[in-house]
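Topology and contacts: notes
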Amino acid sequence: MDQTKRQTVLVLGAAGGIGSSIIDKLKQDYQVLAVDRNERVLDFAVDTIQALQLDLQKSDDRQILKAELDKSSGLYGTVIATGIMIPGSVMEISEEDWNRTININVTMVYHLIKLVIPYLVKEKNSHIIVLASHLGTVGSYNLAAYSTSKAAIIELIKCVALDYGDQGVIANCISPGFVKTEILNSAMKQFATNKKWMFASGGLPKQHIDPQDIAGMVLFLLQQTCMNGENVIIDAGYTVR
């Protein structure tokens, strides 16, 4: 495809396990702006990918991103794949970790959506895709803050779809099951000592999700115009029990 005709997709949280798979899937068809606070994001920089190392919790770094978007020819899509997972029940998780989880998983996403919408509404049709979690749709052991934050994201996207759908912005969530990422690996070290740990799945397959399946759904959602405000669950049947 002629690079001058490529539509631009912004991927936030690009250096993570799922984010990097999304970059790999999109780079063939889109001009990608990849952003992450981890310096690994800079390794993505090739002809069709611009990479920025930014900490989007910081207002100053969000302004740097805004300046980059001001220079772009347009923004077709935004994929938000940021987030943290800190285990703990209501009695176990500290107030500091609760607030950190909500600030990163919810409040930062609010700021990012608020930042990109003015660019997206300039297009005839555009997309916001946010990664939530299957654990935002069902209760989960020892993940009070994480599950609450992901449930909030699912509802936030429904509101965005209603508020901006008539301006051409299509907003959807993808809720992955357990993907082998650094975030999950870190949490599993704590879950290993908990008798009620996450794979108490009622006899269903104890299956990890291929991040390429998540990336494939991102590509599909970017290329459709009829799904809006939806939450697509890809969890190998975990939530059907």
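In this report, we go over the structure that sits alongside the text. Worth saying up front: this structure is predicted, and the values here are computed from it rather than measured.

Definitions and limits used
Residues numbered from 1 in each chain as written. Predicted model: local features only at pLDDT ≥ 70, side-chain atom pairs only at ≥ 80, totals over all residues. Heavy atoms only, no water. Phe/Tyr/Trp six-rings, centres within 6.5 Å; stacked < 30°, edge-to-face > 60°. Helix = DSSP H or I, 4+ residues; strand = E, 2+ residues; numbered from the N terminus. Buried < 20%, exposed > 50% of the residue type's maximum accessible area, 1.4 Å probe, protein only. Pairing = 2+ DSSP bridges. Right-handed = clockwise from strand over helix to strand, strands pointing away. Salt bridge = Lys/Arg side-chain N within 4 Å of Asp/Glu carboxyl O.

What follows is about the packing of aromatic side chains. The relation between two aromatic rings is expressed through the spacing of the ring centres and the mutual angle of the planes. The full count for this structure, using the stated rule, is 2 aromatic pairs. Here the aromatic rings of Y30 and Y76 are separated by 6.0 Å at their centres, their planes lie at 15°, and the arrangement is stacked. Pair noted here: Y30 is in the loop between α1 (17–26) and β2 (31–36) and Y76 is in the loop between α2 (59–71) and β4 (77–80), with a separation of 46 residues, a long-range link. Given a relative accessible area of 4%, Y30 falls into the buried group. Judged by relative accessible area, which is 7%, Y76 ranks as buried. Summarising the aromatic geometry, the rings of F178 and Y238 are spaced 5.3 Å apart at their centres and angled 85° between planes, so their arrangement reads as edge-to-face. A residue pair is termed long-range when its members are at least 10 positions apart, and F178 in the loop between β6 (169–176) and α5 (182–191) and Y238 in the segment after β7 (231–234) qualify at 60 residues.

For strand β1 (residues 8–12), the buried fraction is high: 5 of the 5 residues fall into the buried class. In β1, alternate side chains face the same way, and those of T8, L10 and L12 on one face and V9 and V11 on the other are all buried. Two elements, β1 and β2, share 5 bridges in a ladder whose sense is parallel. Within the sheet, the bridge partner assigned to V11 lies in β2 and is A34. As for the winding sense of the linkage, the β-α-β connection from β1 through α1 to β2 is right-handed. Where β1 lies against β4, 4 bridges are found, and the strand directions are parallel. Counted as the bridge partner of L10 is T78 from β4.

In this structure the tally under the stated criterion is 4 salt bridges. In this structure, D70 and K66 form a salt bridge, with 3.6 Å as the shortest nitrogen-oxygen distance. Of this pair, D70 and K66 both sit in helix α2, 4 residues apart, which is roughly one turn of the helix. Judged by relative accessible area, D70 falls into the partly exposed class, the value being 48%. The salt bridge partner of E68 is K71, with a shortest N-O separation of 3.2 Å. Residue E68 and its partner K71 are both found in helix α2; the two are separated by 3 residues, about one turn of the helix. Given a relative accessible area of 18%, E68 falls into the buried group.

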